[in-house]
Structure formats: C-alpha cells, structure tokens
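# Summary of structural features
This is what each chain is made of:
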Amino acid sequence: MTYMVEMKGITKRFPGVTANQDVSIQVKKGEIYGLIGENGAGKTTLMKILYGMYRPDEGEIFINGQKVVMHSPKDAISHGIGMVHQHFTLVPSFTVTQNIMLGRPITKHGLLDFKRAEREIRRLGETYRLEADPHMQVKDLPVAMQQRVEILKALYLGADILIMDEPTAVLTPQEITQLLETFHSLKEQGKSIILITHKLKELMGVTDTITVLRNGKVTGVLDTARTSEKEIASLMVGKEIDFFVQKTPSKPKEEVLRCEGLNYWNRFGVKMLDDVSFSIRRGEIVGIAGVQGNGQTELIEALAGIVNDYTGKIFIGDAEIAPESTPGERRSSGLSHIPEDRQTTGAALTAPLVDNFIMGGTRDPAYAGKYLINYKKAAAAAQEQYALFDVKLAGVDQPAYALSGGNLQKAIVAREMYRNPEVLIAAQPSRGVDIGATLFIHEKLVELRDSGKAVLLVSGELSEIMSLSDRILVMYKGGIIGETTPEESTEEDIGLMMLGIKEGGTA
C-alpha cells in the first residue's frame, strides 16, 4: 500500500536527550491519525521533522511513496504538508487576507491582488466549512477564529496533509465540537490529518488510528475502534492509571477570600463583570464554570491585580485589597496565580527557567538575602521543585521557550505551588498537559485544600470542575447565575446553566 505519509526509523537527538528513537508511522489518504503521549514524549518533535523544522539524525520520510528530504518548512509545503502549531504564527496587526497571503502572494500587474485572494479564501471557507471574514484584523478575532485562519492558510498553500498540534487546548467545548466536525469535513474531501492531543475523549471520537509514544519510543499502534481510553493511558505512562483523583469531603473553615459587587467594563465599553459576589473558605476548592467569554478571565485578572479599573471590593482574610494594589502586593497578601495563558502571562519565554521560578518570589528566604538573590540556592530550589512535578528539562539555565507546552505548564504550576499560598487561583491548570501530569496536578490541588488553604479553580473542562470542586459557581454574561455542588448537579445541568437556559441555587 502507498501511504500519504510514511516515516521510517526516525531518530532525533538533542544535547542530553533523545527525543525520538526509531519511530515509524504510516498515514493513509483521508485518515485522521492520532498521536498521543506524555509531555516530552517526542510527538511535536516528530511532526517538526515531518514539517522540515528539524532534520532527523536517522530515518527516512516518504510522501505518496516517494522518498523526500525536508530541509525547511518550504520543502514540506511544496509536498502538500501544512502545520497548525499549538501557539499560532499569525501577525496580529494584519488582516485575515494579509496573513493567509504571506506564504503565496497573488499578484496582478506586479501588485498584490487582494480581491482575488479574498475570493480564494471565501471559496476555501465554504468548501471546508471554515468561513472567516477576510477583512478582519487577526488581533480582533477570538482564539477559535484565529485557529480557523491558520487552517485556511495551510489549505491556501495547497496542504493535503494537515498536522494539528494540540488544536483544542484553548477552545471552549462548543468550539471543540465545531473543530472536530471540520476535521470530518476535511477527511471527506480526501485530506489526511495528524492530530496531536492529550484529550483521550477527542482522540477516541475523531481518529481512525492512534500511535502512542513514551520517552521518544512507540509503545503501541492502535485501531481506534478496537481500543479504549484505559489501554491508551496505560501505554502512555507504562502502568494502569486511575482517571479520577481520590479526595475526602471538604472541611471548610473560616473565609479567606471575598468579593463584593465586582463590576468591570473592558476597553470596548462592554460590561464583563456584573455585580459578582462570592466567598471562599479555607479547606475548599471552589470551581468557576462557564463558556469562555462570560467574565471568567476578567474575574481572574481583577483578583490577581492585572486589571485595576474595576469597582467593588476584594478581601483576603480580613484585609481589603485596594484596586490599585499590584500583583506583587497581592502575592504578599497570600494570593498565588496560575495564569490561563502560559505563553504571555505565565512565563518569560526568553528568560532561564531559574529566573522564571523566582518570579513573584524574589524575597523568598530560601534563596533571597537582604539585597541580593543567591542564584545557587535558587537553582537548587527550582531543580528540586521542577523534579517533583516531573518537568522534563536539560537544566534550569535553559530558556523557558525550550520546554514543550505541557512541560512549561507543569513548570508554572510547580512555581505557584512552591509559594504555599493562602489562596491559589488555578486558571486552566491542566491545559495541554498529559493524563498522568493532570492527575498529579489534581492531587496537589487537593493536598493544598486539605492543608487548610483555598483554591479558586477556573477551567474550560467541565469534567475537571466536577472532579475537583467542592462548590461550583456558574458564570453567564459576567454574572454568577447559580451555585451548586457536584453531588447536586450533573454535567448536563451545569451545561444548561452555562448557556443561561437554567438557573441554579443562589450564589
């Protein structure tokens, strides 16, 4: 059989680590091919080799039966390969048309022919159910629409093979459903899709074949119709795994965080927080559920001090936090924050990992003196904490951007947990993280709760909210529409509240 893509015996080494070792995959025409493994298992590296971003140390690549050598992404594109990266490569200030045209300008009489390009973009959008306004600036588009533009860009360049790297990591459940439908549409048109994901349900629901990687090696090639989530998980981590964290009933104590009548308008004058009031006690995890864009991000930013032009009151313990107080001052009051966007607010990508570790904790007595930071002690503390969270790294001196997305997420969680905060805001704590690491992070959140601390959990994964929360607050159109518990409501009940169709108890 001639395969659309065949990679044989691929090995790729970096200093101190073998990312891929004798890896082989075979992708058929019109197939959705799943690639799964723990963070650092070598999935993205393998696909970057296929896309010409890396050269393999050993092995061969065949496209439609013909052996090829990829010197750059330009070579991959010429062979009909497109890659939609986990972190988009769009120019925010450009329009949709300008972004898509970058790789293949259409000209007329020596000038760019935007009208013809727009017609082509609209045609592709209608054909593959990926409609996008060609005139919109990318910076004004929601995340799901930006991803759609990335896919359109690959199709515009003639891709028959689409590599999708963690495409649902930042999407809402509704957006995920729409994207998976798009995959089926692309498949019907004869396109082949290689899907890298950590989400087992999505993998089981959309793929035809699954390859599992662990520590750079293939541990299984599975027919999706004949396997199970449990089998995939065991091949990923090398042992049987429990999908749910074990926790005892909470024993909440005194109040440690309280919000009273929070209101906030964004820069467009849209009211994003509407009279939000709630409290959290020591010894409990309070989950915030809601469809993205209903005020969760603005609530986090108000609590953390990222935005200060809100009205209303915030208390940590008995002390009122002034709106103008900085994120650093709020940290000193006992607040810690796992940001929802690890790339822009969670890490300084070009800074070494040790510098990322001490951010927000420059006065920690473990490594900080009266005037100077002892970097030797800071590096030792960082190394120990990163090892505890199984962050795969070459050393704490390497820049944060050198980590895979999942490992960077674990590094940020490790840093915030190290602070032992009175209140932890955990925003999308397991986004882009494999099943084993997700369970570990969940266990650490429960441990923090059981030690008498408070956790505010904000997640787009309703299963995560249901699994961890002792109480659940549902946000809709900037307000809290209801309060419930996992025992009192099903996922379907909460989903209806998230859509504003049904109200729960009083907040």
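Residues numbered from 1 in each chain as written. Predicted model: local features only at pLDDT ≥ 70, side-chain atom pairs only at ≥ 80, totals over all residues. Heavy atoms only, no water.

## Observations regarding the nonpolar core
Put simply, the rule reads: To qualify as a nonpolar core, a set must consist of buried Ala, Val, Leu, Ile, Met, Phe, Trp, Tyr and Cys residues joined through side-chain atoms within 4.5 Å. Each residue is assigned to one of three classes by its accessible area relative to the maximum for its type, calculated with a 1.4 Å probe on protein chains only: buried under 20%, partly exposed between the two thresholds, exposed over 50%. Numbering of helices and strands runs from the N terminus, with a helix taken as a DSSP run of H or I at least four residues long and a strand as a DSSP run of E at least two residues long. Whether two residues are in contact is decided by their heavy atoms, any of which lying within 4.5 Å being enough.
In this structure, Tyr-386, Leu-445 and Ile-494 are the most contacted members of the largest nonpolar core, which totals 48 residues. Take this core: its biggest share by element is six residues, from helix 14 (residues 405-418). Ignoring any residue separated from it by four or fewer positions in sequence, one finds Ile-494 in contact with Ala-289, Leu-462, Met-466, Ile-472, Val-474, Thr-484 and Ser-489. Among the nonpolar cores identified, the runner-up in size contains 34 residues, and Ile-100, Met-101, Ala-117 and Leu-186 belong to it.

## Structural notes on the environment of Met-164
Inspection of the secondary structure assignment puts Met-164 in strand 9 (residues 161-165). For the pair formed by Met-164 and Gly-82, sequence separation is 82 residues and the distance between their alpha carbons is 8.7 Å. Look past the residues within four positions of Met-164 in its chain and what remains in contact with it is Val-84, Ile-151, Phe-183, Ile-193, Ile-194, Leu-195 and Ile-196.

## Some details on the packing of aromatic side chains
Aromatic ring pairs are described here by two measures, namely the spacing of the ring centres and the angle between the planes. Heads up, the condition is: Aromatic contacts are taken between Phe, Tyr and Trp rings whose centres are within 6.5 Å, Trp giving its six-membered ring; a plane angle under 30 degrees counts as stacked, one over 60 as edge-to-face, and the others as tilted. Whether a charge sits over a ring comes down to the Lys NZ or Arg CZ being within 6 Å of the ring centre and within 35 degrees of the ring normal.
Considering all chains together, one arrives at five aromatic pairs under this definition. Both rings, one in Phe-357 and one in Tyr-367, keep their centres 6.4 Å apart while their planes meet at 55 degrees; by these two values the pair is tilted. Separated by 10 residues along the polypeptide, Phe-357 in helix 12 (residues 353-358) and Tyr-367 in the loop between helix 12 and helix 13 (375-388) bring together distant segments of the chain. Accessibility classification places Phe-357 together with Tyr-367 in one group, the buried group. Judged by centre distance (5.8 Å) and plane angle (75 degrees), the rings of Phe-357 and Tyr-386 are edge-to-face. Linking Phe-357 in helix 12 with Tyr-386 in helix 13, this pair joins segments that are 29 residues apart in sequence. For Phe-357, a relative accessible area of 0% translates into the label buried. Accessibility expressed as a relative area gives 2% for Tyr-386, which makes it buried. Joined through ring pairs, the aromatic side chains of Phe-357, Tyr-367, Tyr-386 and Tyr-418 make up one cluster. Above the face of the Phe-315 ring, Arg-258 is positioned so that its terminal group lies 4.1 Å from the ring centre. Over the aromatic face of Phe-357 sits the side chain of Arg-419, whose NZ or CZ is 5.5 Å from the ring centroid.

## Side note on the pattern of salt bridges
Condition: A carboxyl oxygen of Asp or Glu within 4 Å of a side-chain nitrogen of Lys or Arg is what we treat as a salt bridge.
For the coordinates displayed, the defined rule picks out 26 salt bridges. For the salt bridge of Glu-150 with Lys-153, the shortest nitrogen-to-oxygen distance reads 3.4 Å. Of this pair, Glu-150 and Lys-153 are both found in helix 5 (residues 143-156), three residues apart, which corresponds to roughly one turn of the helix. Here Glu-150 matches Lys-153 in class, with each residue buried. We note a salt bridge from Asp-274 to Lys-271, for which the minimum N-O separation is 3.2 Å. By relative accessible area, which is 34% here, Lys-271 ends up partly exposed.

That is the geometry; function is a separate question.
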